[in-house]
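Working through the structure, step by step
Chain residues, written in single-letter form:
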Amino acid sequence: QQQVRQSPQSLTVWEGETAILNCSYEDSTFDYFPWYWQFPRESPALLIAIRPVSNKKEDGRFTIFFNKREKKLSLHITDSQPGDSATYFCAASRTSSGQKLVFGQGTILKVYL
Amino acid sequence: DPKIIQKPKYLVAVTGSEKILICEQYLGHNAMYWYRQSAKKPLEFMFSYSYQKLMDNQTASSRFQPQSSKKNHLDLQITALKPDDSATYFCASSQAETLYFGSGTRLTVL
């Protein structure tokens, strides 16, 4: 069974729109939730991360909203740009496990001009 | 300059053969990892090492053996290769909470 689920599988938005990527998890012992992005033919890279002590984390146009009770989080990308087109992975881990991350299947985002 | 060097970038092998994937990191990190990414599965944790010691192994098969000859090296030996082993294998390292990935080795098993 998949511990981290993402939706939608793919998402297309126009430049300037807000893209919303969803993620849910099953294990309540997870206490660290990073989002990684991966461009074609490149390796994943950390975008933004949150811990359950917060319900929101913002970094420029990227914001994570976190709902601990429902075990859900979402990544909002405001004013989407063509350069944001990538695959976005939600991940989860426990502090005690270091960077043993459990990744979701990813959301492919395409931003059109 | 790439800080985590993986060799080779592409690798083609025949079923039943053995290959070694090379990883060297120059970030000064003490923790290193192997992850696998295939079309069928999301990025999947395989191994973690800290100070050259195995910390965690999520790989069910003993055909996958990490090898750490130096502090900044973590190679991956794969024996008796199967077509299902075809994937991109990423070496990674971490300091604090950020995981840094190498560029990957794309393995194709025929």
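Everything here concerns the structure above.
Source: prediction; values computed, not measured.

Cut-offs and rules
Residues numbered from 1 in each chain as written. Chains lettered and ligands numbered in written order. Predicted model: local features only at pLDDT ≥ 70, side-chain atom pairs only at ≥ 80, totals over all residues. Heavy atoms only, no water. Core = buried A, V, L, I, M, F, W, Y, C linked by side-chain atoms within 4.5 Å. Buried < 20%, exposed > 50% of the residue type's maximum accessible area, 1.4 Å probe, protein only. Helix = DSSP H or I, 4+ residues; strand = E, 2+ residues; numbered from the N terminus. Contact = heavy atoms within 4.5 Å. Disulfide = S-S within 2.5 Å. Salt bridge = Lys/Arg side-chain N within 4 Å of Asp/Glu carboxyl O. Polar contact = N/O pair within 3.5 Å; in protein donor to acceptor, adjacent residues only side chain to side chain.

Looking at the nonpolar core
Of all hydrophobic cores here, the largest spans 26 residues; its most connected members are Trp-35, Leu-73, Leu-75 and Tyr-88 of chain A. Contributing elements (two or more residues each) for this core: strand E2 (10-14), strand E3 (19-25), strand E4 (33-38), strand E5 (45-50), strand E7 (62-67), strand E8 (72-77), strand E9 (86-92) and strand E11 (107-112) of chain A. If we ignore the near neighbours within four places in the chain, the residues touching Leu-73 of chain A are Leu-21, Asn-22, Cys-23, Tyr-25, Phe-33, Trp-35, Ile-64, Phe-65, Phe-66 and Cys-90 of chain A. Within the second largest apolar cluster, 20 residues are counted, among which are Ala-13, Ile-78, Tyr-89 and Val-109 of chain B.

Describing the state of the cysteines
All names here are of chain A. One pass over the full model with this rule turns up two disulfides over all chains. Each sulfur of the disulfide joining Cys-23 and Cys-90 lies 2.0 Å from the other. When the S-S torsion is -70°, as for the bridge of Cys-23 with Cys-90, the disulfide is left-handed. One end of the pair, Cys-23, is in strand E3; the other, Cys-90, is in strand E9, and 67 residues separate them in sequence. Residue Cys-23 shares its accessibility class with Cys-90, and that shared class is buried.

A look at the pattern of salt bridges
Overall, the coordinates contain twelve salt bridges over all chains when judged by the stated rule. With a closest N to O distance of 3.3 Å, Glu-70 of chain A and Arg-69 of chain A form a salt bridge. A residue is classified by how much of its surface remains accessible, and Arg-69 of chain A, at 71% relative accessible area, is exposed. In this structure, a network of salt bridges that share partners links the residues Asp-31 and Arg-51 of chain A together with Glu-97 of chain B.

As for the side chain of Asp-84 of chain A
Residues and elements named next belong to chain A. Counting through the fold element by element, Asp-84 comes out in the loop between E8 and E9. Of the polar contacts made by the side chain of Asp-84, one reaches the side chain of Arg-61; its length is 2.8 Å. Those residues within four positions of Asp-84 in sequence are excluded, and the remaining contacts are Trp-37, Arg-61, Phe-62, Ile-77, Asp-79, Leu-109 and Val-111.

Nothing here speaks to function; it is all geometry.
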